[in-house]
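Residues per chain are reported as follows:
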Amino acid sequence: MSADMTSIDQRPSRRPVRWHIFLFMLPAFLVYTAVMIVPLGSTLWLSFFTEVDGQRVFVGLQNFRTLFGEPRWAASFWNALTNNTIFFIIHMLVQNPIGIALAALLSLPKLRFAAVYRTAIFLPTLLSFVIVGFIWKLILSPLWGIAPMLLDLVHLKSLFAPWLGRPNSALIAVSLISVWQYVGIPMMLIYAALLNIPDEVIEAAEMDGITGWSQFWKIKLPLILPAIGIISILTFVGNFNAFDLVYTVQGALAGPDGSTDILGTLLYRTFFGFQLQLGDRSMGATIATVMFFIILAGVSFYLFAIQRRMRRYQF
């Protein structure tokens, strides 16, 4: 009898189901479903249809064959994808290294007015893209802009050119405007990662005689690699979703001659139409679907191929 009672007492007790957790998560899940999942699913589903005489007809992958096979659509798509890739590369090679360098400088313990500098650098991020685009169009205007005047003050006016009006420089100019606006985001993320490094690690490095920039390259940089990885994937997603700044500075046609046309502006003109071009919701949904899979491929590559290798640097 006692042995039976002991065996009963040793049985693992069944944990109660915490239904209140699901109840608390339900509002957020409903909002996320209505705002994200349903529109995404509708867009993916719309890419398999087209309109014939006002009726929606299922065509399977025909819209994708048109996008990649028809010369007019293919030329526009590959031009936009190429420009988008250049747009992303400029952010990766200019914005993120500058953000890392600024964060390293602002994390110096002896730097005075560091809070003022952080606020000033991060402030453009809070501005509306409409304001940023309008201001920079005025600054870079060859007629009434302030850029020629400033270059003239240092006797470098000969270097000025209508950068936003030339096909070979417009995309670089718009990219640098975007870098100026959003460099505060990687700066703050890296700055937070630097502050999160344990003091014991820094003290041990100083005892070994590793100080200054040598300490940053040998000790701090390897420890903030996970944060740099997060910034890189956020830059990738943000740039391949970009639309607003290019639209504000260069318009829906993303001129001159489509030199600043990216996937976002191509999607806008295709879906909603512009000037004499009629909107095509099915082809717009097709471009949006391709954008989704490009971003999904980039994020998946980071999660499964890169993030796993950087976990060893995390505390």
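An account of the accompanying structure is given in this report. Just so we're clear, the structure is a prediction, and the values are computed from it rather than from any experiment.

Some words on the overall build of the protein
In terms of regular secondary structure, the protein is built from 15 helices and two strands. In terms of overall size, the protein is more extended than a compact globule, its C-alpha atoms giving a radius of gyration of 26 Å where 315 residues would be expected to give roughly 20 Å. Overall, the C-alpha framework of the protein stretches about 95 × 70 × 30 Å when taken along its three principal axes. Within the protein, the proportion of its 315 residues that are buried is 37%. At a minimum sequence separation of 6, the contacts of the protein that also span at least 24 residues come to 65%. Element-wise, carbon and sulfur atoms account for 68% of the exposed surface of the protein, whose accessible area totals about 19,700 Å². Side chains of the protein give 21 positive and 15 negative charges; the mean places of these two sets differ by 1 Å.

Some remarks on helix α12 (residues 225-240)
With 16 residues, α12 should cover 22 Å at 1.5 Å per step; its first-to-last C-alpha distance of 23 Å lies within 8% of that length. Within α12, the full set of buried residues consists of Pro 226, Ala 227, Ile 228, Gly 229, Ile 231, Ile 233, Thr 235, Phe 236, Asn 239 and Phe 240.

Description of a nonpolar patch on the surface
Taken together, the side chains of Leu 23, Phe 24, Leu 26, Phe 29, Leu 30, Val 31, Tyr 32, Val 35, Met 36 and Ile 37 make up a nonpolar region of the molecular surface, amounting to roughly 1,000 Å² of accessible area. With respect to the helices and strands, Leu 26 occurs in helix α2 (residues 19-46). A relative accessible area of 40% places Leu 26 in the partly exposed class.

Details of a negative patch on the surface
A surface patch of negative charge is lined by Asp 199, Glu 200, Glu 203 and Glu 206. Secondary-structure assignment places Asp 199 in helix α10 (residues 199-207). The exposure class assigned to Asp 199 is exposed, which follows from its relative accessible area of 53%.

Looking at the packing of helix α3 (residues 62-69) against helix α4 (residues 71-106)
One can describe the packing of α3 onto α4 by two numbers: an axis separation of 5 Å at closest approach and a directional angle of 75 degrees. The angle between the axes of α3 and α4 places the two elements in the roughly perpendicular class. Here α3 contributes Thr 66, Leu 67, Phe 68 and Gly 69 to the contact with α4, which in turn contributes Pro 71, Trp 73, Ala 74, Phe 77 and Trp 78. Looking at side-chain class alone, the contact of α3 with α4 contains seven nonpolar, two polar and no charged residues.

Focus: the nonpolar core
Leu 67, Phe 77, Phe 240, Leu 263 and Ile 287 are the most contacted members of the largest nonpolar core, which has 18 residues in total. Of all elements in the fold, only α3, α4, α12, α14 (263-272) and α15 (281-310) reach the threshold of two or more residues within this core. The element contributing the most residues to this core is α15, with six residues. Discounting chain neighbours no more than four positions away, the residues touching Leu 67 are Trp 73, Ala 74, Phe 77, Met 283, Thr 286, Ile 287 and Val 290.

Thoughts on the packing of α4 against helix α9 (residues 184-195)
Packing of α4 against α9 brings their axes to within 8 Å, and their N-to-C directions diverge by 45 degrees. As far as their axial angle goes, α9 and α4 are oblique. Judged by the twist between their axes, the crossing of α4 over α9 is right-handed. Of the residues in α9, those touching α4 at Gln 95, Asn 96, Gly 99, Ile 100, Leu 102, Ala 103, Ala 104 and Leu 106 are Pro 186, Met 187, Ile 190, Tyr 191 and Leu 194. Across the contact of α4 with α9, the residue classes tally to ten nonpolar, three polar and no charged.

Comments concerning the side chain of Asn 84
Mapped onto the secondary structure, Asn 84 falls in helix α4. The contacts of Asn 84, once residues within four sequence positions are left out, are Asn 239, Phe 240, Ile 262 and Leu 263.

Observations concerning the pairing of strand β1 (residues 49-52)
In this sheet, strand β2 (residues 55-58) lies alongside β1 in antiparallel orientation, the contact comprising four bridges. Across the sheet, Val 52 pairs through a bridge with Gln 55, a residue of β2.

Remarks on the environment of Leu 81
Residue position: Leu 81 is located in helix α4. Note: C-alpha distance between Leu 81 and Ile 185 (104 residues apart in sequence) is 25 Å. Ignoring anything within four residues of it in the chain, the contact list for Leu 81 reads Phe 240, Leu 263 and Ile 294.

Criteria and cut-off values
- Residues numbered from 1 in each chain as written.
- Predicted model: local features only at pLDDT ≥ 70, side-chain atom pairs only at ≥ 80, totals over all residues.
- Heavy atoms only, no water.
- Helix = DSSP H or I, 4+ residues; strand = E, 2+ residues; numbered from the N terminus.
- Rg over C-alpha atoms; globule rule 2.2 N^0.38 Å.
- Buried < 20%, exposed > 50% of the residue type's maximum accessible area, 1.4 Å probe, protein only.
- Contact = heavy atoms within 4.5 Å.
- Areas by Shrake-Rupley, 256 points an atom, 1.4 Å probe, with all protein chains shown as cover.
- Lys, Arg positive; Asp, Glu negative; His and termini not counted.
- Charge placed at Lys NZ, Arg CZ, Asp CG, Glu CD.
- Expected span 1.5 Å × (residues − 1).
- Patch = residues over 30% accessible without salt bridge, like charges linked within 9 Å, V, L, I, M, F, W, Y side chains within 5 Å.
- Salt bridge = Lys/Arg side-chain N within 4 Å of Asp/Glu carboxyl O.
- Axes fitted to C-alpha atoms, helices over the stretch in contact; angles between N-to-C directions.
- Parallel < 35°, antiparallel > 145°, perpendicular 65-115°, else oblique.
- Nonpolar A, V, L, I, M, F, W, Y, C, P; charged D, E, K, R; others polar.
- Core = buried A, V, L, I, M, F, W, Y, C linked by side-chain atoms within 4.5 Å.
- Left-handed = near helix turned anticlockwise from the far one by under 90°.
- Pairing = 2+ DSSP bridges.

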